[in-house]
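Take a look at the letters that make up each chain.
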Amino acid sequence: MDRELLKQASRIVVKLGTGILTDDRNHPDVAQIEQIVLQITALRKKGKEVVVVTSGAVGAGMGVLKLGKKPSQLARMQACAAIGQSRLMTVYERLFSKNGLHVGQVLLSHEDLEDQDRHLKARNTLLALLDHGIIPIINENDAVSVTELKFGDNDRLSALVACLLPADLLILLTSVEGLIQNFDQPNSHRIAEVARIDRQILEIAKNTSSPTAVGGMGSKIDAAKIAMRSGIPMVIASGRRKRTLSDIIRAKDIGTLFIPNAKKLAGKKRWIAFFHHPFGSLLVDDGAQEILRQGGKSLLHPGIMECRGDFNSGDVVRICDEDGTEFARGISRKSSSEIRNREKTLKVIVHCNHMVIL
Ligand code: GLU
């Protein structure tokens, strides 16, 4: 893929990190938010649809309560999120309406997107907002989301939102210029493009740090994996520069572009691959793994060496190699107890139409 294709993106998800939304006293940095609002308004004027994924709620809540650090008690942290979220929305609504635009708040929990029916309904709401010319502003529903079942960080959430819509482009605005090799050293330089996430990229990400990031570069790489596999280009760039968004869609060489797979994943497959916390794993032998990786082949009972966890038929399960490393995900036609108890017949356990090689 070539950067030129970014010019054609018409639906764009923009994720705004805490570091570019709040100042060092944890108050919304209104001047900074305003310059981003102006950039988004400019995209809208070009006819682009923009969905914002915002962070900064917990940070802004800490500012109101004058807390120097994040509370360790879950309920207190959730209270900060509730306070800060409304504070942030007030700022967004005021700044966007100055530019003739309106916003709609959508707070998501993992369960909203895991269940297929709710997943499609959430998608319809977002599409209806876009249809009305509204800027949807999304955050995790931190005030009530439970720790283990959370999206975790907004990098991941923004990739999932891009998958849900789907979007043509995902932009993560942060306080660094992108993925930086030799971060903080005299010979540092920005990586312009990433075609494959390998060990070297993971190492560079580990060392590119931003003091305010919740998930750091690591979580941005996890987001990139989701976007790339789904066929959606992703760019990490600095939210402090004045023309970042327009430069990206004019295909200028800024930030780090993660080049997507040429083949886009269909909606149902995106839902299978990225929206679940699976309860179980099927460990398959090398032969089965090889066949499944070729694509278009279903997982049959004899290929399964071990079935881990408890799940019902119709649940999404991990499909793993002999060592337990996941390489695919799919919907199991049988429950874990049926798989464990059954005679080894050539029955399809995961049909290829309901399986994604990751
Ligand atoms: N949802 C969190 C908040 O609004 C931020 C999580 C993140 O930035 O990754 O404070």
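Look a little higher up for the structure.
To keep things clear, this report deals only with the structure shown in the data block. Since the model is a prediction, treat every value here as computed from it, not as a measurement. (Residues numbered from 1 in each chain as written. Predicted model: local features only at pLDDT ≥ 70, side-chain atom pairs only at ≥ 80, totals over all residues. Heavy atoms only, no water.)

**With respect to the site of the ligand**
Taken together, ten residues form the shell around the ligand, and within it Ser55, Val58, Asn139, Asp142 and Asn154 come nearest. Ala57 places a main-chain nitrogen or oxygen 3.0 Å from an oxygen atom of the ligand. Taking Asn139, its side chain carries an N or O atom lying 2.8 Å from an oxygen atom of the ligand. Here the ligand loses 93% of its free accessible area of 300 Å² to cover by the protein chains. Class assignment for the residues of the shell around the ligand results in three nonpolar, five polar and two charged. (Near = heavy atom within 4 Å. Polar contact = N/O pair within 3.5 Å; in protein donor to acceptor, adjacent residues only side chain to side chain. Areas by Shrake-Rupley, 256 points an atom, 1.4 Å probe, with all protein chains shown as cover. Nonpolar A, V, L, I, M, F, W, Y, C, P; charged D, E, K, R; others polar.)

**A word on the layout of surface pockets**
If you add up the space inside the largest pocket, you get close to 790 Å³. Forming the boundary of the largest pocket are 28 residues, of which Lys225, Ile226, Arg229, Phe274 and Leu358 lie nearest the centre. Listing elements by their share of the lining of the largest pocket, those giving two or more residues are helix H9 (216-230), helix H11 (267-274), helix H12 (286-293) and strand E15 (326-331). If you tally residues by element for the lining of the largest pocket, the top one is H9, at five residues. Broken down by class, the residue content of the lining of the largest pocket amounts to eleven nonpolar, six polar and eleven charged. (1 Å grid on protein atoms, 1.4 Å probe; cavity = no way out; pocket = protein on both sides within 12 Å on 5 of 7 lines; lining within 4 Å. Points joined across faces, edges and corners; volume = space filled by probe spheres on them. Helix = DSSP H or I, 4+ residues; strand = E, 2+ residues; numbered from the N terminus.)

**Here we look at the pattern of salt bridges**
Enumeration according to the criterion identifies 17 salt bridges in this entry. The shortest N-O distance in the salt bridge between Asp112 and Arg118 comes to 2.5 Å. For Asp112, a relative accessible area of 18% translates into the label buried. Under the relative-accessibility criterion, Arg118 is labelled partly exposed at 39%. In this structure, the salt-bridge partner of Asp117 is Lys121, at a minimum N-O distance of 3.0 Å. Note that Asp117 and Lys121 are positioned in helix H6 (residues 116-131) at a spacing of four residues, about one turn of the helix. Judged by its relative accessible area of 44%, Asp117 falls in the partly exposed class. Within this structure, Arg3, Arg190 and Asp253 form a network of salt bridges that share partners. (Salt bridge = Lys/Arg side-chain N within 4 Å of Asp/Glu carboxyl O. Buried < 20%, exposed > 50% of the residue type's maximum accessible area, 1.4 Å probe, protein only.)

**Focus on the packing of helix H2 (residues 30-45) against helix H4 (residues 74-98)**
Where H2 meets H4, the closest approach of the two axes is 10 Å, and the angle between their N-to-C directions is 50°. Here H2 is positioned oblique relative to H4, judged by the angle of their axes. Both H2 and H4 take part in a crossing whose hand is right-handed. Only Leu88, Val91, Tyr92, Arg94, Leu95, Phe96 and Lys98 of H4 make contact with H2, whose side of the interface consists of Val30, Ile33, Glu34, Val37, Ile40 and Thr41. Here the residues of the contact of H2 with H4 are counted per class, giving nine nonpolar, one polar and three charged. (Axes fitted to C-alpha atoms, helices over the stretch in contact; angles between N-to-C directions. Parallel < 35°, antiparallel > 145°, perpendicular 65-115°, else oblique. Left-handed = near helix turned anticlockwise from the far one by under 90°. Contact = heavy atoms within 4.5 Å.)

**Let's talk about the environment of Lys225**
The residue Lys225 is located in helix H9 in this model. On the basis of relative accessibility, which here comes to 41%, the residue Lys225 falls in the partly exposed class. Put simply, Lys225 and Leu127 are 98 residues apart on the chain and 24 Å apart in space, counted from C-alpha to C-alpha.

**So, the side chain of Ser109**
Turning to its location among the elements, Ser109 is positioned in the loop between strand E3 (103-108) and helix H5 (110-114). If sequence neighbours within four positions are ignored, Ser109 has contacts with Asn141, Ser145 and Phe151.

**Observations concerning the sheet that holds strand E11 (residues 280-284)**
Here we have five strands laid out as an open sheet, ordered E13-E11-E14-E15-E17, and mixed in their pairing. At either margin of the open sheet sits one strand with a lone partner, and together these are strand E13 (304-309) and strand E17 (355-357). Averaged over all pairs of adjacent strands, the angle between their axes in this sheet comes to 25°, without regard to strand direction. Here three bridges tie E11 to strand E14 (residues 316-320), and the two strands are oriented parallel to one another. Among the inter-strand pairings, Ser281 is bridged to a residue of E14, identified as Arg318. Against the sheet, H11 contacts E14, E15 and E17, and its axis sits at roughly 120° relative to E15. (Pairing = 2+ DSSP bridges.)

**What to know about the sheet that holds strand E8 (residues 193-194)**
What the eight strands build is an open sheet, ordered E3-E4-E2-E1-E5-E9-E10-E8; its pairing is mixed. Taken across any chain shown, the strands that pair with only one partner, and hence form the sheet edges, are E3 and E8. Across five bridges, the pairing between strand E5 (residues 169-174) and strand E9 (residues 234-238) is parallel. Residue pairing across strands places Leu173 opposite Ala237, the latter belonging to E9. Across the sheet, H6 is in contact with strand E1 (11-16), strand E2 (49-54), E3 and strand E4 (135-140); its angle to E4 comes to roughly 145°.

**Let's talk about the side chain of Thr22**
Its location among the elements puts Thr22 in the loop between helix H1 (18-21) and H2. Looking at Thr22, the relative accessible area reads 8%, which means it is buried. Here Thr18 takes part through its backbone oxygen, which lies 3.0 Å from a polar atom of the side chain of Thr22.

**Quick notes on a nonpolar patch on the surface**
Together, Val64, Leu65 and Leu67 make up a nonpolar patch on the protein surface, roughly 200 Å² of accessible area in all. Of the residues examined, Leu65 reaches a relative accessible area of 40% and is grouped as partly exposed. (Patch = residues over 30% accessible without salt bridge, like charges linked within 9 Å, V, L, I, M, F, W, Y side chains within 5 Å.)

**Details of the nonpolar core**
Counting residues in each nonpolar core, the largest one holds 54 residues, and the members touching the most others are Leu179 and Phe258. The residues contacting Phe258, other than those within four sequence positions of it, are Leu179, Val194, Ile197, Ile221, Ala224, Met228, Pro233, Met234 and Ile236. Leu6, Leu16, Ile171 and Leu257 belong to the second largest nonpolar core, which has 37 residues in total. (Core = buried A, V, L, I, M, F, W, Y, C linked by side-chain atoms within 4.5 Å.)

None of this, on its own, says anything about what the molecule does.
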